[in-house]
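Working through the structure, step by step
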Amino acid sequence: MIRTHPNDPPLTGAEAARVAWLTARMCKRAVAGEDVDQHDLQRKLDRILDGARKRAEKAAAAAGK
């Protein structure tokens, strides 16, 4: 598991690669200007983090039993 930020859940290798890819795309769009819409990429990133968060909560609940 890969830990990106203390407040974020641990990510699998595939999730970390997708986050890196989305971040690179967001940076590329940011170079185009401040008025470029990035909401679609941000939603994808949020979905990845939400899935990782749910998986971490499920694993913690299973470990606590």
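In this text, all values refer to a predicted model and were calculated from it rather than measured experimentally.

Quick notes on the overall build of the protein chain
For the protein chain, the count of helices and strands is two helices and zero strands. The globule rule puts the C-alpha radius of gyration for 65 residues at 11 Å, and the 14 Å found for the protein chain is more than 25% above it. Out of the 65 residues belonging to the protein chain, those deemed buried represent 18%. Put simply, of all contacts in the protein chain between residues at least 6 apart along the chain, 44% involve residues at least 24 apart. Here the protein chain displays about 4900 Å² of accessible surface, and carbon together with sulfur accounts for 58% of that area. Mean positive and mean negative side-chain charge positions of the protein chain (13 and 9 charges, respectively) differ by 9 Å.

A short note on the packing of helix α1 (residues 13-32) against helix α2 (residues 39-64)
With their axes 10 Å apart at the nearest point, α1 and α2 run at an angle of 160° to one another. In terms of orientation, α1 lies roughly antiparallel with respect to α2. The crossing of α1 and α2 is left-handed. Contacts between α1 and α2 involve Glu15, Arg18, Val19, Leu22, Arg25, Met26 and Arg29 from the first element and Asp40, Leu41, Gln42, Lys44, Leu45, Ile48, Ala52 and Arg55 from the second. In terms of residue class, the contact of α1 with α2 is built from seven nonpolar, one polar and seven charged.

Focus: the pattern of salt bridges
Going through the model one piece at a time under the given rule, you end up with four salt bridges. Across the pair Asp8 and Arg53 runs a salt bridge, and its minimum N-O distance is 3.9 Å. Placement of the pair is Asp8 in the segment before α1 and Arg53 in helix α2, with a sequence separation of 45 residues. With its nearest N and O atoms 2.8 Å apart, the salt bridge here joins Asp40 to Arg29. Residue Asp40 is found in helix α2, and its partner Arg29 is found in helix α1; the two are separated by eleven residues along the sequence. Among the residues examined, Asp40 registers a relative accessible area of 27% and is labelled partly exposed. Salt bridges sharing common partners tie together Asp8, Asp50 and Arg53.

A closer look at α2
Its 26 residues give α2 an end-to-end C-alpha distance of 37 Å, which sits within 8% of 38 Å, the value for a rise of 1.5 Å per residue. Inspection of α2 places Leu41, Leu45, Ile48, Leu49 and Ala52 among the buried residues, and these make up the whole buried set. Here the buried face of α2 lies against α1.

Description of the side chain of Glu15
Mapped onto the fold, Glu15 is located in helix α1. A polar side-chain atom of Glu15 sits 2.8 Å from a polar atom in the side chain of Arg55. Apart from the residues within four sequence positions on either side, Glu15 is in contact with Pro10, Ile48, Ala52 and Arg55.

Rules used in this analysis
Residues numbered from 1 in each chain as written. Predicted model: local features only at pLDDT ≥ 70, side-chain atom pairs only at ≥ 80, totals over all residues. Heavy atoms only, no water. Helix = DSSP H or I, 4+ residues; strand = E, 2+ residues; numbered from the N terminus. Rg over C-alpha atoms; globule rule 2.2 N^0.38 Å. Buried < 20%, exposed > 50% of the residue type's maximum accessible area, 1.4 Å probe, protein only. Contact = heavy atoms within 4.5 Å. Areas by Shrake-Rupley, 256 points an atom, 1.4 Å probe, with all protein chains shown as cover. Lys, Arg positive; Asp, Glu negative; His and termini not counted. Charge placed at Lys NZ, Arg CZ, Asp CG, Glu CD. Axes fitted to C-alpha atoms, helices over the stretch in contact; angles between N-to-C directions. Parallel < 35°, antiparallel > 145°, perpendicular 65-115°, else oblique. Left-handed = near helix turned anticlockwise from the far one by under 90°. Nonpolar A, V, L, I, M, F, W, Y, C, P; charged D, E, K, R; others polar. Salt bridge = Lys/Arg side-chain N within 4 Å of Asp/Glu carboxyl O. Expected span 1.5 Å × (residues − 1). Polar contact = N/O pair within 3.5 Å; in protein donor to acceptor, adjacent residues only side chain to side chain.

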